[in-house]
Amino acid sequence: GAVVSQHPSRVICKSGTSVKIECRSLDFQATTMFWYRQFPKQSLMLMATSNEGSKATYEQGVEKDKFLINHASLTLSTLTVTSAHPEDSSFYICSASGTGGLRNEQYFGPGTRLTVT
Amino acid sequence: QKEVEQNSGPLSVPEGAIASLNCTYSDRGSQSFFWYRQYSGKSPELIMSIYSNGDKEDGRFTAQLNKASQYVSLLIRDSQPSDSATYLCAVDMDTGRRALTFGSGTRLQVQP
């Protein structure tokens, strides 16, 4: 199956700092990448959808100035959490989808656990 | 609002039994359906996709789709303790955005 990597897997940062998370599709070209957030014992929450070379589309309630998404190439998307606060502590997961037309399987990265102190 | 509904569980089955997981969706125009498995603390892993009515088998897993009734199910034969996880049903309800709509998941517990 398709492989998606994420880096870092775990990060601890101080309140007010920014954190960048990278998502890479390793063996396919990802025309679309998705960013999710998951709090403990809750379901996945889609934050935004990004297409290569375009601005990301954010879900309602997600602050685009706080969660900066860049999808600069067909294999890399980044999520930057700016001015992080403890309530931003969560499990951030990216997924990637290729050029399969209707058959748009999404393949997930391993996730990044963010802790803001 | 377009939705994907799953029973949260937990669904408890003995080892070796068949586990049956069900999912209903609201958008009759949906075309693509997926089952993901998520172990605690890990990200989801795609285990099955199905696009046409009927059954699709892959090893111990069988996905069943009935578009007229708007439901999709996943059967796991010979359940193993290692199958204990949360199973997420995902439906492509908006191919323009290519974003999947996920159910909240069913937690499966396989008792040894």
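Residues numbered from 1 in each chain as written. Chains lettered and ligands numbered in written order. Predicted model: local features only at pLDDT ≥ 70, side-chain atom pairs only at ≥ 80, totals over all residues. Heavy atoms only, no water.

### Remarks on the layout of surface pockets
- Each pocket or cavity is described by its volume, and for the largest pocket that value is around 700 Å³.
- Surrounding the largest pocket, 27 residues form its lining, P40, K41 and Q42 of chain A together with S40 and T86 of chain B being those nearest its centre.
- Here the lining of the largest pocket is composed, by residue class, of 8 nonpolar, 15 polar and 4 charged. (1 Å grid on protein atoms, 1.4 Å probe; cavity = no way out; pocket = protein on both sides within 12 Å on 5 of 7 lines; lining within 4 Å. Points joined across faces, edges and corners; volume = space filled by probe spheres on them. Nonpolar A, V, L, I, M, F, W, Y, C, P; charged D, E, K, R; others polar.)

### Brief notes about the sheet that holds strand β1 (residues 4-7) of chain A
All names here are of chain A.
- The 4 strands are arranged β1-β3-β8-β7 in an open sheet whose pairing can be described as antiparallel. A strand with exactly one partner marks an edge of an open sheet, and here the two such strands are β1 and β7 (67-73). Averaged over all neighbouring strand pairs, the angle between strand axes comes to 15 degrees, with direction disregarded. (Pairing = 2+ DSSP bridges. Helix = DSSP H or I, 4+ residues; strand = E, 2+ residues; numbered from the N terminus. Axes fitted to C-alpha atoms, helices over the stretch in contact; angles between N-to-C directions.)

### Thoughts on the sheet that holds strand β3 (residues 19-25) of chain B
Residues and elements named next belong to chain B.
- Taken together, 5 strands build an open sheet; the order of strands is β1-β3-β8-β7-β6 and the sheet is antiparallel. Looking at which strands have only one partner, the edges of the open sheet turn out to be β1 (4-6) and β6 (54-58). Mean inter-strand twist for the sheet, computed between neighbouring axes without regard to direction, equals 20 degrees.
- With 6 bridges connecting them, strand β7 (residues 61-66) and strand β8 (residues 71-76) associate as antiparallel partners. Bridge pairing links N66 to Y71 in β8.

### Concerning the interface of chain A and chain B
- Listed per partner, the contact involves 28 residues of chain A and 21 residues of chain B.
- Around 1800 Å² of area is buried between chain A and chain B when both sides are counted, 52% of it from carbon and sulfur atoms.
- The interface formed by chain A and chain B includes 0 salt bridges.
- The tally of links between chain A and chain B comes to 5 residue pairs in polar contact (both at pLDDT 80 or more).
- Of all elements in the fold, only β4 (32-38), β5 (45-51), β9 (90-97) and β10 (107-108) of chain A reach the threshold of two or more residues within the side of chain A that touches chain B.
- Here the element with the most residues in the side of chain A that touches chain B is β4 of chain A; it accounts for 4 residues.
- Class assignment of the residues belonging to the side of chain A that touches chain B gives a composition of 10 nonpolar, 14 polar and 4 charged. (Contact = heavy atoms within 4.5 Å. Buried area = accessible area lost by both parts, 1.4 Å probe. Salt bridge = Lys/Arg side-chain N within 4 Å of Asp/Glu carboxyl O. Polar contact = N/O pair within 3.5 Å; in protein donor to acceptor, adjacent residues only side chain to side chain.)

### What to know about the pairing of strand β5 (residues 45-50) of chain B
All names here are of chain B.
- Across 5 bridges, strand β4 (residues 32-38) lies against β5 in antiparallel orientation. Note on β5: the bridge partner recorded for F33 is I50.
- If you look at the hairpin formed by β4 and β5, you'll find 6 residues sitting between the two strands, and G41 has a positive phi there, around 80 degrees.

### A word on the state of the cysteines
All names here are of chain B.
- For the structure shown, the criterion picks out 2 disulfides over all chains.
- The partner cysteine of C23 in its disulfide is C89, sulfur to sulfur 2.0 Å. Measuring handedness by torsion sign, the sulfur bridge of C23 and C89 sits at about -70 degrees and is left-handed. You can see C23 sitting in strand β3 and its partner C89 sitting in strand β9 (residues 85-94), a full 66 residues away along the chain. (Disulfide = S-S within 2.5 Å.)

### Digging into the environment of K14 of chain A
Residues and elements named next belong to chain A.
- For K14, the location among the structural elements is in the loop between β2 (10-13) and β3 (19-25).
- When the C-alpha positions of K14 and H85 are compared, they lie 7.9 Å apart, and in sequence the two are 71 residues distant.
- If near-sequence neighbours (up to four positions away) are discounted, K14 is found in contact with A84, V116 and T117.

### Side note on unusual backbone geometry
- For the bond from H7 of chain A to P8 of chain A, the omega torsion is 0 degrees, close enough to zero to count as cis.
- When you line up the elements, P8 of chain A lands in the loop between β1 and β2.
- Looking along the chain, the bond that leaves G9 of chain B and enters P10 of chain B is cis, with omega of 10 degrees.
- The phi dihedral of K41 of chain A falls on the positive side, at around 60 degrees, and the residue is not glycine.
- We note that D78 of chain B has phi near 50 degrees; this positive angle belongs to a residue other than glycine.
- Secondary-structure assignment places D78 of chain B in the loop between β8 and β9.

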